[in-house]
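# Breakdown of the fold
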Amino acid sequence: EPEVTQTPSHQVTQMGQEVILRCVPISNHLYFYWYRQILGQKVEFLVSFYNNEISEKSEIFDDQFSVERPDGSNFTLKIRSTKLEDSAMYFCARQGAEAFFGQGTRLTVV
Amino acid sequence: AQSVSQHNHHVILSEAASLELGCNYSYGGTVNLFWYVQYPGQHLQLLLKYFSGDPLVKGIKGFEAEFIKSKFSFNLRKPSVQWSDTAEYFCAVNAGGSNDYKLSFGAGTTVTVRA
């Protein structure tokens, strides 16, 4: 069983709509990372979140993206206005030097 | 920044054959090295990791990898594959000895084992 649970497992949304992807760790941890994998491409780093703040973000993580920890345990990745090119698998990971991944959310933008 | 290249996009082999997947990285400093596996419909799982010490590391399911610092390589091996090893395999690296844990991944290698 993964140490991180992601919901939903698959989401289909229309272009321009907002989506919220959720990540729930089994145990409390400080470092969380979001990655994405566009079909047929590499897994890419999006953003890291340490102690309730963004610690680093990639150039992919533009103003359309945001991360929050709304209730002290769950983590959310929000895409405000989805584009076709946002279609990808999104992975949440709790990390130290080693990463423990969730099962991913497959986002399909139509 | 680190970068990782995996030599093979898709490998097809028969059960009991030996498997070797190539991985090279580029980074000037100390690195931590990982191999992850993703079985169909499942999450990324850690196969093995190298932080320091013995460059030959053994992981789960009979996999091993060898870190060759002079070649910037971390190739994955298994002497005899099974049908259940059909999966996608990712090599990844992050900076060692720092709090920058973000992983840089290779493009992945799809391994298909025929019964």
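Refer to the structure printed above.
Sequence positions are assigned chain by chain, starting from 1 and proceeding in written order. Written order decides the labels, with chains lettered from A and ligands numbered from 1. Local features in this predicted model are restricted to residues of pLDDT 70 or higher, and side-chain atom pairs are both shown and tallied only at a pLDDT of 80 or more, whereas totals for entire chains, interfaces and linings draw on every residue. Each side-chain value is derived from all of the structure's non-hydrogen atoms; neither hydrogens nor water enter the calculation.

Let us now look at empty space enclosed by the protein. Residues and elements named next belong to chain A. The method works on a 1 Å grid over the protein atoms by themselves. A cavity is a set of points holding a 1.4 Å probe that cannot get out, a pocket is an open set with protein on both sides within 12 Å along at least five of seven lines, and residues with an atom within 4 Å of a point line them. Grid points are joined across faces, edges and corners, and a volume is the space filled by probe spheres set on the points. In the structure shown here, the tally under the stated rule is 1 cavity of 30 Å³ or more. Empty space within the largest cavity amounts to approximately 30 Å³. The numbering of helices and of strands both runs from the N terminus, where a helix is a DSSP run of H or I of at least 4 residues and a strand a run of E of at least 2. Of all elements in the fold, only strand E4 (31-37) and strand E5 (43-50) reach the threshold of two or more residues within the lining of the largest cavity. When residue character is reported, Ala, Val, Leu, Ile, Met, Phe, Trp, Tyr, Cys and Pro are called nonpolar, Asp, Glu, Lys and Arg charged, and the others, Gly included, polar. In the lining of the largest cavity, the residues fall into 7 nonpolar, 1 polar and no charged.

Now for the sheet that holds strand E8 (residues 75-79) of chain A. Residues and elements named next belong to chain A. A pair of strands is labelled paired if DSSP reports no fewer than 2 bridges between them. As summarised here, the arrangement of the 4 strands in space is E1-E3-E8-E7, forming an open sheet in which the pairing is antiparallel. Every other strand in the sheet has two partners, leaving strand E1 (4-7) and strand E7 (65-68) as the edge strands with one partner each. Pairwise comparison of adjacent strand axes, ignoring direction, gives a mean angle of 15 degrees for this sheet. In this analysis, axes come from line fits to C-alpha atoms, helices being fitted only over the stretch in contact, and the angle between any two N-to-C directions falls in the range 0 to 180 degrees.

Put simply, two rings from Phe, Tyr or Trp (the six-membered ring, in Trp's case) pair if the centres are within 6.5 Å, and we call them stacked under 30 degrees between planes, edge-to-face over 60, tilted for the rest. Counting across every chain of the model gives 21 aromatic pairs over all chains. Residues Tyr31(A) and Tyr101(B) carry aromatic rings whose centres are separated by 5.0 Å and whose planes lie at 80 degrees to one another, so their mutual orientation is edge-to-face. With one member in each of two chains, Tyr31(A) in strand E4 and Tyr101(B) in the loop between strand E10 (87-95) and strand E11 (104-105) form a pair that bridges those chains. Note on exposure labels: buried denotes an accessible area under 20% of the residue type's maximum, exposed denotes more than 50%, and partly exposed covers the range between, all computed with a 1.4 Å probe on protein chains only. The exposure class assigned to Tyr31(A) is buried, which follows from its relative accessible area of 16%. Given a relative accessible area of 13%, Tyr101(B) falls into the buried group. Ring geometry for Phe101(A) and Phe105(B): centres 6.1 Å apart, planes at 65 degrees, overall edge-to-face. Of the two residues, Phe101(A) is situated in strand E10 (residues 99-101) and Phe105(B) in strand E11; the pairing between them involves two chains. The same class applies to Phe101(A) as to Phe105(B), namely buried. A network of ring pairs unites the aromatic residues Tyr33(A), Tyr35(A), Phe45(A), Phe91(A), Phe101(A), Phe34(B), Tyr36(B), Phe51(B), Phe90(B) and Phe105(B) as a single cluster.

All names here are of chain A. Looking at where Gln95 falls in the secondary structure, it is placed in strand E9 (residues 88-95). Judged by relative accessible area, which is 0%, Gln95 ranks as buried. Here a polar contact is recorded for every N or O atom pair within 3.5 Å, except that within protein the pair must consist of a potential hydrogen donor and a potential acceptor, and residues adjacent in sequence are included only if both atoms are side-chain atoms. Here Tyr35 takes part through its side chain, which lies 2.6 Å from a polar atom of the side chain of Gln95.

Moving on, we get to the interface of chain A and chain B. A contact between two residues is defined here by any heavy atoms of the two lying within 4.5 Å. Each partner contributes to the interface: chain A provides 19 residues, whereas chain B provides 21 residues. What counts as buried area is the accessible surface, traced by a 1.4 Å probe, that two parts surrender upon association, with contributions from both included. Summing both sides of the interface, chain A and chain B together bury roughly 1700 Å²; the carbon and sulfur share of this comes to 59%. Here, a salt bridge means any side-chain nitrogen of Lys or Arg that lies within 4 Å of a carboxyl oxygen of Asp or Glu. Run the count over chain A and chain B and you get 2 salt bridges. Among the ionic pairs, Lys49(B) bridges to Glu98(A), the shortest N-O distance being 2.5 Å. Put simply, chain A and chain B have 7 residue pairs in polar contact (both at pLDDT 80 or more) between them. Elements represented by at least two residues in the side of chain A that touches chain B include exactly E4, E5, E9 and E10 of chain A. Class assignment of the residues belonging to the side of chain A that touches chain B gives a composition of 10 nonpolar, 6 polar and 3 charged.

Let us now look at the state of the cysteines. Residue and element names in this part refer to chain A. Working definition: a disulfide is two cysteine sulfur atoms within 2.5 Å of each other. Scanning the model with the defined rule gives 2 disulfides over all chains in all. The disulfide partner of Cys23 is Cys92, and the S-S distance across this bridge is 1.8 Å. Its torsion about the S-S bond being -60 degrees, the disulfide of Cys23 and Cys92 is classed as left-handed. Within this pair, whereas Cys23 is found in strand E3 (residues 19-25), its partner Cys92 is found in strand E9, the two being separated by 69 residues in sequence.

With that settled, consider the layout of surface pockets. A volume near 530 Å³ is recorded for the largest pocket. Along the walls of the largest pocket sit 27 residues, with Gln37(A), Leu39(A), Met89(A), Arg106(A) and Gln38(B) positioned nearest its centre. Mapped by element, the contributors of at least two residues to the lining of the largest pocket are E9 and strand E11 (105-109) of chain A together with E10 and strand E12 (109-114) of chain B. Space inside the second largest pocket adds up to approximately 210 Å³. Elements with a minimum of two residues in the lining of the second largest pocket: E5 of chain A together with strand E1 (3-6) and E11 of chain B. The dominant element in the lining of the second largest pocket, judged by the number of residues it contributes, is E5(A), at 3 residues.

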